[in-house]
Amino acid sequence: MTLTDTSPHSPDAITMEDWAGEMGERWLANLKAFESTIAPVGEALLAHADYRPGERVLDIGFGGGASSMAIARAVAPGGEVLGIDISRDLVAATTRRAATEGVANARFVCADAAHVIVPDAPYDRLCSRFGSMFFVDPVGAFTNLRKALKTGGRIDLAVWAPPQDNPWLSAVVALARRHIELPASIPGAPGPFAFDDPDYLNRILTEAGFHSVKWARSAGQVPVGGQGNTPAGALTFARNALSTGRVLLEYPESVQQAVTSELLELYTRHYRPGEGVMMGYCAWLVSAVA
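Predicted, not measured: the structure shown is a model, and the values here were computed from it.

Here we look at the overall build of the protein chain
The secondary structure content of the protein chain amounts to 10 helices and 10 strands. The globule rule puts the C-alpha radius of gyration for 290 residues at 19 Å, and the 19 Å found for the protein chain is close to it. Taking all 290 residues of the protein chain together, 50% fall into the buried category. Looking at the protein chain alone, contacts between residues at least 24 apart form 82% of all its contacts between residues at least 6 apart. Only carbon and sulfur atoms are counted for the fraction: they give 55% of the accessible area of the protein chain, which is about 12800 Å².

What follows is the structure, given as structure tokens:
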């Protein structure tokens, strides 16, 4: 099977997208920590979607492939997963992971979801665990992806609820803002909280041709930097993996030390021996019908 990318740019131009470059590399370098941190949401999404044997599923922005592998096992026998991601590094790493884990009914390709043409469409289902929030043109991307689904096919998305409901991320930003300048958040702009407003995402999905949009809430605590992590380990994760840590590197050492000290105090307050640094999260589980 050969995928076609109808982007107006050449294939190599995909690397100009942040997720195709630095962000994808950062995710891959911190893959185990990222996957373990967001595992509670991934598990909730899969339970909500309730995949069945024989279904063919598109997984958009699959990251390290944890959800893809789980879906592939759920739809076997007879079903399959096609993962699409804009990062060549993540595609290569996840392809190797599938081979290592013996998951033969999952394939992974590098393409832009907003322009990709899937030649063996239509698929039964579509899944995206935190991938759709980074669409530059969300209406265009969802409209294009709808073409790859059967009429009546269902999409299932996990997206972050508002920042105030996600202190595992927002507390870090608030702390850092006391010392450094961070870009102001723009409602609806591509990023972790692009779809935190249900009305906004409802409009996008409706305009893209979907209907029967439903929302469910998944809330609880995530282990920052991974299950069983220490405060020091969570600090390393924040500095190496989160965008705030990248910005911090542009500041003098004294500023970096001040932020680091306060972050360590924050994570120490939330540390539970044997569990890790546990902080609150809230995500929306969104489904709709093509």
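Overview of empty space enclosed by the protein
Here the structure, examined in full by the defined rule, presents one cavity of 30 Å³ or more. Considering only enclosed or pocket space, the largest cavity measures out at about 40 Å³ in volume. Along its surface, the largest cavity is lined by V172, A176, A238, R239, T244, G245, L248, V259 and L263. Listing elements by their share of the lining of the largest cavity, those giving two or more residues are α6 (167-177), α8 (231-241), α9 (243-248) and α10 (253-269). Sort the elements by how many residues they give to the lining of the largest cavity and α9 lands first, with three residues. Among the residues forming the lining of the largest cavity, the class breakdown is six nonpolar, two polar and one charged.

Concerning the nonpolar core
With 84 residues, the main nonpolar core has F142 and Y267 as its most contacted residues. With nine residues, the single largest contributor to this core is strand β10 (residues 276-289).

Looking at the packing of α8 against α10
Remark: α8 packs on α10, axes separated minimally by 9 Å, with the N-to-C direction vectors making an angle of 130°. In terms of orientation, α8 lies oblique with respect to α10. The two elements α8 and α10 meet at a crossing, and its hand is right-handed. Mapping the contact onto sequence places P231, A232, A234, L235, A238 and R239 in α8 and Q256, T260, L263, L264, Y267 and T268 in α10.

Quick notes on helix α5 (residues 138-146)
Burial in α5 covers these residues: P138, A141, F142, N144 and L145. The arc that holds the buried residues of α5, viewed along the axis, is 160°, so those residues lie on one side. Where α5 is buried, its residues touch β2 (56-60), β5 (116-117), β6 (123-129), β7 (149-160) and α7 (198-207).

Observations concerning the pairing of strand β3 (residues 80-85)
Counting buried positions along β3 yields five of six residues, so the element is predominantly enclosed. Judged from the five bridges that link them, β2 and β3 form a sheet pairing that is parallel. Note on β3: the bridge partner recorded for V57 is V81. After leaving β2, the chain enters helix α3 (residues 66-75) and then returns to the sheet as β3, a path that is right-handed. Between the parallel pair β3 and strand β4 (residues 106-110), the chain is carried across by helix α4 (residues 88-101), and the sense of this crossover is right-handed.

So, the side chain of T37
Along the polypeptide, T37 turns up in helix α2 (residues 31-49). Note on T37: relative accessible area 1%, which makes it buried. Within the structure, T37 has its side chain in polar contact with the backbone oxygen of A33 (distance 2.7 Å). Ignoring anything within four residues of it in the chain, the contact list for T37 reads W168, V222, P223, V224, G225, G226 and F237.

Rules used in this analysis
Residues numbered from 1 in each chain as written. Predicted model: local features only at pLDDT ≥ 70, side-chain atom pairs only at ≥ 80, totals over all residues. Heavy atoms only, no water. Helix = DSSP H or I, 4+ residues; strand = E, 2+ residues; numbered from the N terminus. Rg over C-alpha atoms; globule rule 2.2 N^0.38 Å. Buried < 20%, exposed > 50% of the residue type's maximum accessible area, 1.4 Å probe, protein only. Contact = heavy atoms within 4.5 Å. Areas by Shrake-Rupley, 256 points an atom, 1.4 Å probe, with all protein chains shown as cover. 1 Å grid on protein atoms, 1.4 Å probe; cavity = no way out; pocket = protein on both sides within 12 Å on 5 of 7 lines; lining within 4 Å. Points joined across faces, edges and corners; volume = space filled by probe spheres on them. Nonpolar A, V, L, I, M, F, W, Y, C, P; charged D, E, K, R; others polar. Core = buried A, V, L, I, M, F, W, Y, C linked by side-chain atoms within 4.5 Å. Axes fitted to C-alpha atoms, helices over the stretch in contact; angles between N-to-C directions. Parallel < 35°, antiparallel > 145°, perpendicular 65-115°, else oblique. Left-handed = near helix turned anticlockwise from the far one by under 90°. Arc of directions from axis to C-beta. Pairing = 2+ DSSP bridges. Right-handed = clockwise from strand over helix to strand, strands pointing away. Polar contact = N/O pair within 3.5 Å; in protein donor to acceptor, adjacent residues only side chain to side chain.

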